[in-house]
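Residue strings, one per chain:
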Amino acid sequence: MTYDLFSPITSGNLHLPNRMVMAPMSRSRAVDGGVPSSAMAQHYADRATAGLIISESAPISQQGVGYPNTPGLFTPQQTAGWMRVLNAVRSQGGRMFAQLQHCGRISHPSHQPDGALPVAPSALKPAGHAFTATGYQDFETPRALETSEIAGVVDQFRLAAQNARDAGFDGVEVHGANGYLIDQFLRDGTNQRTDGYGGSIENRTRFLLEVIEAVTTVFPADRVGVKLSPENTFNGISDSDPQHHFEAIVRSIADYGLAYLHVTEASMGIMGHIAGSAKDVDYAQLRSHFPGTYIANNGYGKSQATIAIQSGHADLVAFGAPFLANPDLVRRYREDLPLNTVDKSTFYFGGDMGYNDYPFAHSTLKSVA
């Protein structure tokens, strides 16, 4: 049988009407200390025709916050805010996972409890600048987590998963990508530990596995996804042998019966990888080690995504900017309608501007949020 972007798919007990995933995209529209806003409820409800929505990164604790105005999952007020979002999405027939995030060293003392240093596997300062409430500031050298502290961070993921369940999410995605804390443990460029969480790839994967095991005490495994980004250099992350190391990582999670593996292919911003652009990781080989549903991500348009689905390279494809600017992207792709132009200047600023003012195509649909 030949599938396309609009074919339904079942993964575990999750039934999706199409194979188009709304990718997680931080938009910094939360209010009042990380509480999801009414604007967020409208934003996600307007995009509920996606086969699956993965929320923007939700910090699992104040320690995990790395950016201003990001919606957390660690207070009752935040959980109640997400509940309003989920009610709006469900009213439109949508399905939504929460992406659980700890930023690790990609934070700043201004985001931390009592102005403390951010934490990381190792005390290595990232290049670049932190995004704070008062503008960009130099990153600080993080504090290396003590071995005895790591179980507490794992528990932060578990508690955030409980809040996600209470809010009504269909599942959660463990954010192990893009240079944040789990990725910092996985990569040998940021993990110089000499305890049981550093050194060998097996040791560096231990933190991720402990997080998966904690989260799957809250949600069944087939409602838990994992996101990885083997060769993404975002946030100053690096690895000496991503092909070998990430094949081992994928093998280590293969038997958990997870909902999916979500992979940022190549480095962020590189387009056309399916069409043959250069890359350092063989993603087909990587995917061969994972028996479940595979979500491909990074620069896909309709034609590339169709090739990925029809060739068997991916089961689903995640779209970022196209969903950002086109709430009715599923319809536009199905009917070959023109797309709205993305306004990058409003990605993280602007209130409803560049957030809820992108029009539907020739539609009389009204938001219910």
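These numbers come from a predicted model, not from an experiment. (Residues numbered from 1 in each chain as written. Predicted model: local features only at pLDDT ≥ 70, side-chain atom pairs only at ≥ 80, totals over all residues. Heavy atoms only, no water.)

### Some words on the overall build of the chain
When its secondary structure is counted, the chain shows 10 helices and 14 strands. Here the C-alpha atoms of the chain give a radius of gyration of 19 Å, agreeing with the 21 Å that 2.2 N^0.38 yields for 369 residues. Principal axes of the C-alpha set define a box for the chain whose edges measure 55 × 45 × 35 Å. A burial count over the chain gives 59% of its 369 residues as buried. Considering only residue pairs separated by 6 or more positions, the chain has 73% of its internal contacts joining residues 24 or more positions apart. (Helix = DSSP H or I, 4+ residues; strand = E, 2+ residues; numbered from the N terminus. Rg over C-alpha atoms; globule rule 2.2 N^0.38 Å. Buried < 20%, exposed > 50% of the residue type's maximum accessible area, 1.4 Å probe, protein only. Contact = heavy atoms within 4.5 Å.)

### A short note on empty space enclosed by the protein
Per the counting criterion, the structure on display carries 1 cavity of 30 Å³ or more. Considering only enclosed or pocket space, the largest cavity measures out at about 50 Å³ in volume. In this structure, the largest cavity is lined by Ser 11, Leu 14, Leu 16, Leu 52, Ala 259, Tyr 260, Thr 293, Ile 295 and Leu 316. Taken together, the residues of the lining of the largest cavity break down into 7 nonpolar, 2 polar and no charged. (1 Å grid on protein atoms, 1.4 Å probe; cavity = no way out; pocket = protein on both sides within 12 Å on 5 of 7 lines; lining within 4 Å. Points joined across faces, edges and corners; volume = space filled by probe spheres on them. Nonpolar A, V, L, I, M, F, W, Y, C, P; charged D, E, K, R; others polar.)

### Quick word on the nonpolar core
Core analysis: the biggest nonpolar cluster contains 84 residues, and Trp 82, Leu 100, Phe 207, Leu 208 and Phe 319 have the highest contact counts within it. When neighbours within four sequence positions are excluded, Trp 82 is seen to be in contact with Pro 36, Met 40, Tyr 44, Ser 55, Glu 56, Ala 58, Pro 71, Gly 72, Leu 73, Met 96, Ala 167 and Phe 169. One finds Leu 16, Val 21, Ala 23 and Ala 259 within the second-largest nonpolar core, a separate group that totals 13 residues. (Core = buried A, V, L, I, M, F, W, Y, C linked by side-chain atoms within 4.5 Å.)

### A word on the packing of aromatic side chains
Geometrically, a pair of aromatic rings is defined through the distance of the ring centres and the angle of the planes. Under the definition given, this model contains 12 aromatic pairs. With a centroid separation of 6.4 Å and an interplanar angle of 45 degrees, the aromatic rings of Tyr 44 and Trp 82 are classed as tilted. Taken together, the residues span a long stretch of sequence, with Tyr 44 in helix α1 (residues 38-45) and Trp 82 in helix α2 (residues 76-91) at a distance of 38 residues. Trp 82 matches Tyr 44 in its accessibility class, with the two residues each being buried. (Phe/Tyr/Trp six-rings, centres within 6.5 Å; stacked < 30°, edge-to-face > 60°.)

### A few points about the environment of Glu 149
As for its placement among the helices and strands, Glu 149 is situated in helix α3 (residues 147-167). At 2.8 Å, the side chain of Glu 149 and the side chain of Arg 143 are in polar contact. Polar side-chain contacts of Glu 149 include one of 2.7 Å to the backbone nitrogen of Glu 146. (Polar contact = N/O pair within 3.5 Å; in protein donor to acceptor, adjacent residues only side chain to side chain.)

### Re the confidence of the model for the chain
Mean pLDDT over the chain stands at 94; residues scoring 70 or higher make up 95%. Segment residues 269-278: pLDDT under 50, and 18 contacts once partners within four positions in sequence are set aside and those in other chains are kept. Predicted confidence for residues 364-369 stays below pLDDT 50, and this span has 9 contacts to residues more than four positions away or in other chains. (pLDDT = per-residue confidence, 0-100.)

### Comments concerning the sheet that holds strand β4 (residues 52-59)
Pairing is parallel in the closed barrel, where 8 strands are placed in the order β3-β4-β5-β10-β11-β12-β13-β14. Direction aside, neighbouring strands of the sheet carry axes that sit 25 degrees apart on average. Note: strand β12 (residues 260-264) against strand β13 (residues 294-297), 4 bridges, orientation parallel. Each bridged residue has a counterpart across the sheet, and for Leu 261 the counterpart in β13 is Tyr 294. Where α1 meets the sheet, it contacts β3 (20-22), β4 and β5 (96-101), and its direction lies at approximately 150 degrees from that of β4. (Pairing = 2+ DSSP bridges. Axes fitted to C-alpha atoms, helices over the stretch in contact; angles between N-to-C directions.)

### Description of the pairing of β13
Of the two faces of β13, the one carrying Tyr 294 and Ala 296 and the one carrying Ile 295 and Asn 297 are both buried. Two strands pair when backbone bridges link them, and β13 and strand β14 (residues 316-319) are joined in this way by 3 bridges, in the parallel orientation. When the sheet's bridge partners are listed, Ile 295 is paired in β14 with Leu 316. In this fold, the crossover linking β13 to β14 by way of helix α8 (residues 302-311) has right-handed handedness. (Right-handed = clockwise from strand over helix to strand, strands pointing away.)

### Regarding the side chain of Thr 346
Within the secondary structure, Thr 346 sits in the segment after α10 (329-335). Looking at Thr 346, its side chain comes within polar contact range of the main-chain oxygen of Asp 343, at 2.9 Å. Sequence-distant contacts of Thr 346, that is, excluding residues within four places in its chain, are made with Arg 27, Arg 29, Met 353, Gly 354 and Tyr 358.

### As for the packing of α2 against α3
For the pair α2 and α3, the least separation of the axes is 8 Å and the interaxial angle reads 40 degrees. Put simply, α2 runs oblique to α3. Considering only the axes of α2 and α3, their crossing is right-handed. Contact with α2, carried on its side by Thr 79, Trp 82, Met 83 and Leu 86, involves Asn 163, Asp 166 and Ala 167 of α3 and no other residues of that element. Classifying every residue of the contact of α2 with α3 by side-chain character gives 4 nonpolar, 2 polar and 1 charged. (Parallel < 35°, antiparallel > 145°, perpendicular 65-115°, else oblique. Left-handed = near helix turned anticlockwise from the far one by under 90°.)

### Observations regarding the environment of Ala 80
Here Ala 80 shows up in helix α2. The partly exposed category is assigned to Ala 80, whose relative accessible area is 31%. Residues Ala 80 and Ser 238, spaced 158 residues apart in sequence, show a C-alpha to C-alpha distance of 37 Å.

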